[in-house]
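Observations on chain architecture
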Amino acid sequence: MPYLQLFYRLMFRPLFREPVRLGLTVLAVALGVAVVVAIDLAGDAAAGSFHSSMETLTGDNDLEIVATGGVPESVVRTLATEPYLLRVSPRMEDYAIVRESKQTLPLIGIDLIAESYRYFRPADTEGSARGGNKSGPGSLEDLEDSASIWVGSHLGRRPGEKIDLSINDQSFRSTIRGVYPDQSGGDGAIVMDIAAAQQVLHRFGRVDRVLLKLPPNANHAEWVTRIEGLLPPGVTARPEGTATSENRRMLAAFRWNLRLLSYIALVVGAFLIYNTISVSVVRRRPEIGIVRALGASRFAVLSAFLGEAGCMGLAGSLLGLPLGKAMAVGAVKLMSSTVQSLYVSSRPGPITLTPSSFALAIVVGMGLAMASAISPAREAMFVPPAEAMARGRREFRARLNKTRDLILALVLAVLAVAASFAPAIAGKPVFGYAAALLLIIAAAHAIPALVAFLSRRTSKALGKVFGVEALLASQSLVASLGRTSVLVGALSTAVAMMTSVGIMVGSFRQTVVNWMDMELPADLYLRPAGDPAPDRHPTISLELVDEIANLPGVAAVDRLRAYEISFEGMPATLASVDLRAPDSRRGTDFVSGRPAREVLPKLRGQYNAIISEPFSYKHRLRTGDWLTLPLGESQVRLKIIDVSYDYGSERGYIVMDRDMLLKFLPDPAPSNLAVFVAPGSAVEEVRERIREATAGRPILIFSDRDLRAEAIRIFDRTFAITYALEAVAVLVAVIGIAGALLALVIDRRRELGLLRFLGASTGQIRRLILVEAGLLGLLANLVGFVLGYSLSLILVFVINKQSFGWTIRFHWPVTVLLGALTVVYLATVVSGFYPAWIAVRLNPLEVVHEE
Amino acid sequence: MPILSLHDVRKEYLTDGQRVLALNGVTMEVAAGEFVAIVGRSGCGKSTLLNLAGAMDFPTSGSVTVDGVCTTNLNDAEQTRLRRKKVGFVFQSFQLLHTLTAVENIELPLLLAGEPRAREAAIESLKWVELDGLGDRFPHQLSGGQMQRVAIARALVHAPKIILADEPTGNLDTITGGVVLEFLQRLTHAKGTATVMATHSQEAANLSDTVVRLRDGNIEEVTRR
């Protein structure tokens, strides 16, 4: 207890003498903690619902039977007639769009006669289907009617109401026969009888999935083996929920990278805590000497300063937790939009603060603060009592060994370069991130030498050009080199993050733009309406395709059909293409560098495939390798003839000839059409003809310009969360600068008071502080830009490549960078206004005289 | 006309809710070139008197006139201009900026005033205090006496009408302090600048033309030599 009392009086209570500075420091820590918590919560929420929309209404099943293109109905019969205590539940799965609200909902066909009791509570089945109350399935006629549907209660509809739906390229007017209570999470699937679903989806003879409930206490692995023995080749049995696990695995790299980006704000915060505790140690040297003379041990001194940092960290954590939860609401929207665009359709789960969130906040906030304080606290514990108690005001300057630090910086930089060449570990770019961290630490060590060099060489020139305030400000930065270096380190880290991510995103964007120039050679593109998602491939009927292909002005129509598959435990997309337009009109960027006219003909009529770069990277497959796919009831071997660049999704693509695929999956309806307009025909006229031909059908028509614009819009939306993280890091740094400048003003009050005695006006004092802030901003921008460029090389060529497999071509987004650096500089100057105001209000009489 | 004139000056402070009467009806005049020592115990009001004389503070009542300008109604900018032109300060602990060399410290008042040829004036001022070979040294490279001479040079560089010195030898040994005082006295008479010096030291007081003894905010005695 005495120690706690002493701690309270000597360390805790004095913190409140400078409430503004304390507040700024705690706020900086809180923001760093909030960002980490927000990304963690949002990631859980965005990924948590991957039990994906299609996992809704699964009940308590154990296994699922899947096959590319659907499971033959014969399999259902086989399983249902086996002498096992199995519950067999076939399902049809797709999506429907509610025309009125444009909401996309899962569409699920189940055997309502056999299974309705599992989804509709007994109380709900009372009342007639035509009544106004919630009810279960009605008459047999209702079940067979493809217009009969059942909806979740969250849609707010009542039995008997009509609802307009778009399913693939067809419009339907459906009748709601009943409303079932939504499960928690409210996926709100539209339910039909399975036969009716096969009818509206035009998928006969096959079901999308078969769910199995095993006997009680069954050994799952044994049952999987037993059941696979009953299945034809190409049809697989696996644990139910495998799709969810695969999606989660696929998302791991995305979440990992985002999580690490969120830690940048913490790194910036670490600099600031280090600075705060260093200032505290310097100011309290006499007190340290006194308490040591009175009997305090070195360990007690160390603990005191660690405790001071811990208090700030704790306060930051407690503030950061609710702040993080609030930020998570925005973050989950941004992340979900990215997940939806690049990975899989899903609905985000709720954001829930759990004991682990609380623990994360405390560990991150307090841990960071105390770790940052170790170095200055160690310095404090070695303060000799006699020296600290010496009378007379003597400015104590932290000893900086600039030469040694510069050498250390070079060594770290070399290590960083070496680390950047190391391969990924379990698909994670661990060495890439280590290289980035080494570079940041190297820069921090090089800063003192750089600041001293630049200030000494420019202070006189600055004085001549900008007046005595600039001269004094420049020299003051060198005089407090230890402190200046830490501040420049903090802000430059934030600037470096902003620069490196800006270059990476700018490069990625330009790469995607260039890629689209090659990949979108057609004049018009068609797909069924609805939000695009990598795992949704609604189809267009063959009759409509033939009609479009025969329209005047249409030279050729390419058809693409996509399926979702699982390959080596990861989701992927299998696409078949029927390329009718001349190959001379295509670009398609291949890794081999070969032109499309050389590669694409090799697809036709052959068991060949082209894979996308992300697929190639994830599964370590190259040109010349073979891969085996379960197609229909067969296992089909395909030879990889080339690897194409693809930035449409991270899932990975396998492309094969459509005619070859139709041998195994007899579903000719394409998902997308690319229309080539005949020479001499106007694109707008052809577009109008297509619009007329598709009137009344939910089909979207895009020009190549529209498609590019939509792709870029999705791209920009994808990186919105990254920009938000950058902004927080810069904000943390600027807040820290404001607090540190305030401390500088307070510690230099005697000097500032003296300047007033010597004839400095209040305006000159104000300008002095603002010029110091401006010089800090300039130095930080310079260091941050160089560091950021170096980090961008690691981001583009190492981290991105090892995480996602994409090749990005380097590009300088000059305008964006200039704008961002200007904003940071201005923000730094603005952060000096409050300290300048305090400086002006200092009473010189109080700070100079020694009576 | 006196360079400095205080007429019935009272100065009250409020410290932690308590009223403190620092000066109680002080009246005095200082002529150009006069060297005045203000003596008295700690807390008698010496520093307060210097602050009022240097237009760093205002009297609670009464008036302070510096070279014909009454300071009572001056705003901050006017006070600053007055100090730049007419007042020089010398402090007990020298108060040099450790980031500037000796000559840079000396030219600082001129730079703050935006005066041209600050460097030339500073070098000249350095010669007055016989430190012309040490202009490029930093304060930590100078002895205490040398630092105080630099401070004196800085106080004189802009040719003020009055120098206010607060215990200028307080941090110096006897011999060094004596040297510094001699410089101060010599330059005061040579430049025609009035000097008002607050001091505990009897030796310092002995060098002055006039000794004003303060006690509890009142002038107890004025001795002219």
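On a predicted model such as this, the values are computed, not experimentally measured, just so you know.

**Considering the overall build of chain B**
In terms of helices and strands, chain B carries 7 helices and 10 strands. Judged by the C-alpha coordinates and their principal axes, chain B covers about 45 × 40 × 40 Å. In chain B, buried positions account for 54% of the 225 residues. The long-range fraction of contacts in chain B, counting pairs at least 24 apart against all pairs at least 6 apart in sequence, stands at 68%. By element, 47% of the accessible surface of chain B is carried by carbon and sulfur atoms, the whole surface being about 9,500 Å². Taking the 23 positively charged and 26 negatively charged side chains of chain B as two groups, their mean positions are separated by 2 Å.

**Focus on the interface of chain B and chain A**
Counting residues at the interface gives 26 residues for chain B, matched by 26 residues for chain A. Summing both partners gives a buried area of about 2,500 Å² for chain B against chain A, and 60% of it is carried by carbon and sulfur. Counting the contacts that link chain B with chain A gives 1 salt bridge. Where chain B packs against chain A, one counts 5 residue pairs in polar contact (both at pLDDT 80 or more). Listed by contribution, the elements that provide at least two residues to the side of chain B that touches chain A are helix H1 (46-53), helix H2 (76-86) and helix H3 (102-112) of chain B.

**Points about the pairing of strand S2 (residues 18-30) of chain B**
Looking along a regular strand, one sees side chains alternate from face to face of the sheet. All names here are of chain B. As defined by bridge partners, strand S1 (residues 4-15) adjoins S2 across 10 bridges and the pair is classed as antiparallel. Bridged to glutamate 12 within S2 is leucine 21. Joining the antiparallel neighbours S1 and S2 is a turn of 2 residues, in which aspartate 16 adopts a positive phi near 50°.

**Digging into helix H26 (residues 814-831) of chain A**
Residue and element names in this part refer to chain A. For H26, spanning 18 residues, the distance from its first C-alpha to its last is 26 Å, which sits close to the expected 26 Å at 1.5 Å a residue. Residues of H26 that are buried: Leu817, Leu821, Val824, Thr828, Val829 and Ser831. In a view along the axis of H26, the buried residues occupy a sector of 165°, so they form one face of it. Away from its buried face, by an angle of more than 90 degrees, H26 presents the exposed residues Thr815, Val816, Leu818, Val823 and Val830. For H26, the elements touching its buried residues are helix H16 (481-519), helix H23 (720-747), helix H25 (762-804) and helix H27 (833-841).

**What about the pattern of salt bridges?**
Residues and elements named next belong to chain A. All chains considered together, the criterion is met by 46 salt bridges over all chains. The residue glutamate 710 makes a salt bridge to arginine 527 at a minimum N-O spacing of 3.6 Å. A residue pair is termed long-range when its members are at least 10 positions apart, and glutamate 710 in helix H22 (residues 704-718) and arginine 527 in strand S12 (residues 524-528) qualify at 183 residues. In this structure glutamate 710 comes out as buried when scored by relative accessible area, which is 14%.

**A short note on the confidence of the model for chain A**
Residues and elements named next belong to chain A. On average, chain A scores 84 in pLDDT, and the residues at 70 or more come to 90%. Contacts of residues 122-136 to residues separated by more than four positions or lying in other chains number 32 contacts, the stretch itself having pLDDT below 50. Taken as a whole, residues 391-396 scores under 50 in pLDDT and shows 7 contacts with residues more than four places along the chain or in a different chain.

**A short note on the sheet that holds strand S9 (residues 210-215) of chain B**
Residue and element names in this part refer to chain B. Taken in spatial order, the 6 strands of this open sheet run S6-S7-S8-S3-S9-S10, and their pairing is mixed. Of all the strands in the sheet, just strand S6 (87-90) and strand S10 (218-224) have a single pairing partner and so form its edges. Going from strand to strand, the sheet's axes swing by 20° on average, the running direction of each strand aside. As judged from the 5 bridges shared by strand S3 (residues 35-39) and strand S8 (residues 194-199), these two strands associate in the parallel manner. Bridge pairing in S8 places phenylalanine 35 opposite threonine 195. Across the sheet, H1 is in contact with S3, strand S7 (162-166), S8 and S9; its angle to S7 comes to roughly 155°. Its contacts with the sheet place helix H6 (residues 174-191) against S3, S7 and S8, and it is angled at close to 155° to S8.

**A few points about the nonpolar core**
One recurring pattern in soluble globular proteins: nonpolar side chains tend to sit buried together. Judged by nonpolar contacts, the single largest core of 153 residues is most densely connected at Phe508 and Leu755 of chain A together with Leu4, Met28, Leu108 and Val196 of chain B. Once you skip the residues sitting within four places of it in the chain, leucine 755 of chain A turns out to touch Leu472, Ala760, Ile765 and Leu768 of chain A together with Leu97, Leu108 and Leu112 of chain B. One finds Ile163, Ala196, Val207 and Ile227 of chain A within the second-largest nonpolar core, a separate group that totals 38 residues.

**Here we look at unusual backbone geometry**
The phi dihedral of arginine 620 of chain A is positive, around 55°, even though this residue is not glycine. The topology assignment puts arginine 620 of chain A in the loop between helix H19 (613-619) and strand S16 (626-631). On the basis of relative accessibility, which here comes to 71%, the residue arginine 620 of chain A falls in the exposed class. With phi around 50°, alanine 159 of chain B is a residue other than glycine that occupies positive phi space. The topology assignment puts alanine 159 of chain B in the loop between helix H5 (144-156) and S7.

The rules behind each value
- Residues numbered from 1 in each chain as written.
- Chains lettered and ligands numbered in written order.
- Predicted model: local features only at pLDDT ≥ 70, side-chain atom pairs only at ≥ 80, totals over all residues.
- Heavy atoms only, no water.
- Helix = DSSP H or I, 4+ residues; strand = E, 2+ residues; numbered from the N terminus.
- Buried < 20%, exposed > 50% of the residue type's maximum accessible area, 1.4 Å probe, protein only.
- Contact = heavy atoms within 4.5 Å.
- Areas by Shrake-Rupley, 256 points an atom, 1.4 Å probe, with all protein chains shown as cover.
- Lys, Arg positive; Asp, Glu negative; His and termini not counted.
- Charge placed at Lys NZ, Arg CZ, Asp CG, Glu CD.
- Buried area = accessible area lost by both parts, 1.4 Å probe.
- Salt bridge = Lys/Arg side-chain N within 4 Å of Asp/Glu carboxyl O.
- Polar contact = N/O pair within 3.5 Å; in protein donor to acceptor, adjacent residues only side chain to side chain.
- Pairing = 2+ DSSP bridges.
- Expected span 1.5 Å × (residues − 1).
- Arc of directions from axis to C-beta.
- pLDDT = per-residue confidence, 0-100.
- Axes fitted to C-alpha atoms, helices over the stretch in contact; angles between N-to-C directions.
- Core = buried A, V, L, I, M, F, W, Y, C linked by side-chain atoms within 4.5 Å.

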